[in-house]
Amino acid sequence: NLSQLVAERDRSREMETEASAREEAGRAQKIKSRALRRSGLAKTATPAVASILDVIDRFDRDPSKDNHEILKQTAIAAPVQFEGAVVEALFDLTEAGGYRTDVGLEVLGTADRAPERLCAAALRALARGEAYRTGSRIVARHLSKAPESLIQDALPTLFSVATPVHGFGPFEPRFEPCDVDKQ
């Protein structure tokens, strides 16, 4: 009996390891595919745009806070360069999932490009349960431009973001009077 249990446990671990390896290979293939698209876009781009595509590539390959900050600051410093190829590369990121989605949406929102498409991407992310804060801010700002067909799938996430949180701590909420209340 014990040897059977050990054998089953080992098979289960092996299957988990194989599934994890397949997931990692799939993620690596998706990154490679996005990198190839960016490389194609960079061939006809100006040096400034090619440089921004390189920043996006670095973030995609290593989605660290430092690379996120570099990408965000680039969008703030050179918003006029965030057109065409750069926007396409960022929209690729919004479909990548996880942190990449959040950062892609944030940078596109910072550069304020393609609001209708941006809102649609935010709604798709929210429907997947991703980019709660960033996606919600974008939807709040551009909802009138969103295709209705995407709104329904995102509603559960939007409701959870909009619902007030109750029950943290034994204290009563404290409201500070604003300047208008003092007058």
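The present account deals with the structure reproduced in this document. Fair warning: this is a prediction, and the values are worked out from it, not measured in the lab.

**Observations concerning the overall build of the chain**
Moving on, step 1. Secondary structure assignment for the chain yields nine helices and zero strands.
Moving on, step 2. For the chain, the proportion of contacts with a sequence separation of at least 24, taken over those separated by at least 6, is 64%.
Moving on, step 3. Here the chain has roughly 11,900 Å² of accessible surface; of this, 55% comes from carbon and sulfur atoms.

**Focus: the pattern of salt bridges**
Moving on, step 1. Under the criterion given, the structure shown has 16 salt bridges.
Moving on, step 2. With a closest N to O distance of 3.7 Å, lysine 72 and glutamate 69 form a salt bridge. Separated by three residues within a single helix, lysine 72 and glutamate 69 lie in helix H3 (residues 65-77), roughly one turn from each other.
Moving on, step 3. Accessibility expressed as a relative area gives 34% for glutamate 69, which makes it partly exposed.
Moving on, step 4. Glutamate 95 is the salt-bridge partner of arginine 128, the closest N and O atoms lying 3.2 Å from each other. You can see arginine 128 sitting in the loop between helix H6 (115-127) and helix H7 (132-142) and its partner glutamate 95 sitting in the loop between helix H4 (84-94) and helix H5 (98-111), a full 33 residues away along the chain.
Moving on, step 5. Looking at glutamate 95, the relative accessible area reads 37%, which means it is partly exposed.
Moving on, step 6. Through salt bridges with shared partners, a single network forms among Arg34, Arg38, Asp57, Asp60, Arg61 and Arg100.

**Remarks on the side chain of threonine 101**
Moving on, step 1. With respect to the helices, strands and loops of the structure, threonine 101 is situated in helix H5.
Moving on, step 2. A relative accessible area of 0% means that threonine 101 is categorised as buried.
Moving on, step 3. Excluding residues that lie within four positions of it along the chain, threonine 101 makes contacts with Leu93, Thr94, Glu95, Ala96, Ala125, Arg128, Glu130 and Ala131.

**Some words on unusual backbone geometry**
Moving on, step 1. Located in the positive-phi region is alanine 131, a residue other than glycine, with phi close to 55 degrees.
Moving on, step 2. Examined against the element boundaries, alanine 131 turns out to sit in the loop between H6 and H7.

**Things to note about the nonpolar core**
Moving on, step 1. Grouped together as the largest cluster of nonpolar side chains are 35 residues, with contacts concentrated most on Ile56, Leu71, Phe82, Val86, Leu90 and Leu105.
Moving on, step 2. Of all the elements in the fold, those that place two or more residues in this core are helix H2 (47-61), H3, H4, H5, H6, H7 and helix H8 (148-162).
Moving on, step 3. With residues up to four places along the chain from it excluded, the contact list for phenylalanine 82 reads Ile52, Thr74, Ala75, Val87, Leu90, Val107, Ala111 and Arg113.

**A word on H7**
Moving on, step 1. Thr134, Gly135, Ser136, Ile138, Val139 and His142 are the residues of H7 that are buried.
Moving on, step 2. The inward-facing, buried residues of H7 abut H5, H6 and H8.

**So, the side chain of histidine 142**
Moving on, step 1. Examined against the element boundaries, histidine 142 turns out to sit in helix H7.
Moving on, step 2. A polar contact is formed between the side chain of histidine 142 and the side chain of arginine 141, at a distance of 3.1 Å.
Moving on, step 3. Setting aside its immediate chain neighbours within four residues, histidine 142 contacts Asp112, Pro115 and Cys119.

**Some words on a nonpolar patch on the surface**
Moving on, step 1. Residues Leu2, Leu5 and Val6 make up a contiguous nonpolar surface patch of roughly 300 Å² in combined accessible area.
Moving on, step 2. The residue valine 6 is located in helix H1 (residues 2-43) in this model.

**Observations concerning the packing of aromatic side chains**
For any pair of aromatic rings, the description consists of the separation of the ring centres together with the inter-plane angle of the planes.
Moving on, step 1. For the structure on display, the rule yields one aromatic pair.
Moving on, step 2. Seen in terms of ring centroids, phenylalanine 59 and tyrosine 99 are 5.8 Å apart; in terms of plane orientation they differ by 55 degrees. Their pairing is tilted. Residue phenylalanine 59 is found in helix H2, and its partner tyrosine 99 is found in helix H5; the two are separated by 40 residues along the sequence.
Moving on, step 3. What makes phenylalanine 59 buried here is its relative accessible area of 0%.
Moving on, step 4. Looking at tyrosine 99, the relative accessible area reads 27%, which means it is partly exposed.
Moving on, step 5. One cation-aromatic arrangement involves arginine 117 over phenylalanine 91; the distance from NZ or CZ to the ring centre is 4.0 Å.

About the criteria used
- Residues numbered from 1 in each chain as written.
- Predicted model: local features only at pLDDT ≥ 70, side-chain atom pairs only at ≥ 80, totals over all residues.
- Heavy atoms only, no water.
- Helix = DSSP H or I, 4+ residues; strand = E, 2+ residues; numbered from the N terminus.
- Contact = heavy atoms within 4.5 Å.
- Areas by Shrake-Rupley, 256 points an atom, 1.4 Å probe, with all protein chains shown as cover.
- Salt bridge = Lys/Arg side-chain N within 4 Å of Asp/Glu carboxyl O.
- Buried < 20%, exposed > 50% of the residue type's maximum accessible area, 1.4 Å probe, protein only.
- Core = buried A, V, L, I, M, F, W, Y, C linked by side-chain atoms within 4.5 Å.
- Polar contact = N/O pair within 3.5 Å; in protein donor to acceptor, adjacent residues only side chain to side chain.
- Patch = residues over 30% accessible without salt bridge, like charges linked within 9 Å, V, L, I, M, F, W, Y side chains within 5 Å.
- Phe/Tyr/Trp six-rings, centres within 6.5 Å; stacked < 30°, edge-to-face > 60°.
- Lys NZ or Arg CZ within 6 Å of the ring centre and 35° of its normal.

Distances and angles like these do not, on their own, reveal function.
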